[in-house]
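Coordinates in review
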Amino acid sequence: MAANWKMHKTPAETAEFFAALRPRLLAGAAPFVVVAPPFPCIPAAVVAAAGLDVAIAGQNLYWEPRGAFTGEVSGPILKAAGCDYVIVGHSERRQYFGETDETVNRKVGAALEAGLTPIVCVGETLAEREAGHTETVLRRQFERGLWSLGVEQILNCVLAYEPVWAIGTGRTATPETAQAAHAFLRSLAQSTFGGEAAGHLRILYGGSVKPENVAGLMAQPDVDGGLVGGASLDAACFASLLG
Ligand code: PEP
């Protein structure tokens with residue numbers, strides 16, 4: 001279960017979150033957890049997550065390893081700061097910051113090069129779904145975002161199906177809608193990378209995952225976990241998503 005905090009929480013609030021989450025994680029068999037805080041909170045998160053089955057993620061990276069790119073953060077910097085994962089191609093990055101399938105592809109390659117697991121986000125807008133273009137969009141994002149990868153590399157990636165109309169809207173995909181998209185993405189992985197790689201590929205669902213809908217979504221055969229925004233900000237709420 002992956003938490004995307006977006007532009008929320010300070011370092012002190014990061015420490016508070018983990019202090020509240022720690023006993024819940026130690027108490028029971030929780031799934032593997034990834035937390036993506038804002039960049040300045042990464043050191044606090046790394047310290048606070050010590051000893052827990054929790055990995056820390058960046059929310060974005062630039063594809064060059066270093067250089068004169070003011071305001072950007074690279075894969076090697078994230079890795080050195082203690083991250084093991086990085087979110088790539090979130091729809092908010094595509095919508096507000098000009099990210100394209102081509103930049104996603106460069107960032108995925110840079111993440112893998114740095115030893116980070118990219119969580120690669122794909123998903124259609126409401127207009128695209130209503131026009132019947134969901135599969136066309138997912139195919140384009142999958143193919144253009146991941147075209148340069150080999151089988152070994154795809155096994156070090158996580159895919160996140162995040163329908164844009166469900167992100168932060170409270171409008172969740174039904175379990176059946178999510179399953180259909182996930183099965184389609186897995187079929188794309190199968191035709192590109194083969195059956196074994198497709199079977200191992202972890203595909204997360206993201207879009208208004210909440211305590212009241214998480215069980216139905218996670219019960220779907222091709223839904224391997226969740227990428228959670230709003231419901232990940234409160235430790236008790238997030239803990240309740242962990243089963
Ligand atoms: C997200 O930002 O990846 C997300 C899924 O947000 P929310 O859970 O708030 O819809």
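These numbers were taken from a predicted model, which means no experiment stands behind them.

Quick notes on the sheet that holds strand 1 (residues 2–4)
- Spatially, the eight strands close up into a barrel ordered 1-2-3-4-5-6-7-8, and their pairing is parallel. For this sheet, the mean angle separating the axes of adjacent strands, direction not counted, is 25°.
- In terms of strand pairing, strand 7 (residues 202–206) meets strand 8 (residues 225–228) through three bridges, oriented parallel. Looking across to strand 8, one finds that Gly-206 is bridged to Leu-227.
- The sheet strands contacting helix 5 (residues 101–113) are strand 4 (85–88) and strand 5 (117–122), and the helix crosses strand 5 at an angle near 160°.
- The sheet strands contacting helix 7 (residues 134–146) are strand 5 and strand 6 (158–161), and the helix crosses strand 5 at an angle near 150°.

A word on the site of the ligand
- The full set close to the ligand counts 14 residues, and Lys-6, Glu-162, Gly-168, Ser-208 and Gly-229 are the nearest of them.
- Here an oxygen atom of the ligand and a side-chain polar atom of Glu-162 are 2.7 Å apart.
- At 2.8 Å, a backbone N or O of Ser-208 approaches an oxygen atom of the ligand.
- In isolation the ligand exposes 300 Å². Once the protein is present, 97% of that is buried.
- Among the residues forming the shell around the ligand, the class breakdown is four nonpolar, eight polar and two charged.

Notes on the environment of Arg-140
- Looking at where Arg-140 falls in the secondary structure, it is placed in helix 7.
- Separated by 39 residues in sequence, Arg-140 and Asp-101 have C-alpha atoms that sit 8.1 Å apart.

Cut-offs used in this document
Residues numbered from 1 in each chain as written. Predicted model: local features only at pLDDT ≥ 70, side-chain atom pairs only at ≥ 80, totals over all residues. Heavy atoms only, no water. Pairing = 2+ DSSP bridges. Helix = DSSP H or I, 4+ residues; strand = E, 2+ residues; numbered from the N terminus. Axes fitted to C-alpha atoms, helices over the stretch in contact; angles between N-to-C directions. Contact = heavy atoms within 4.5 Å. Near = heavy atom within 4 Å. Polar contact = N/O pair within 3.5 Å; in protein donor to acceptor, adjacent residues only side chain to side chain. Areas by Shrake-Rupley, 256 points an atom, 1.4 Å probe, with all protein chains shown as cover. Nonpolar A, V, L, I, M, F, W, Y, C, P; charged D, E, K, R; others polar.

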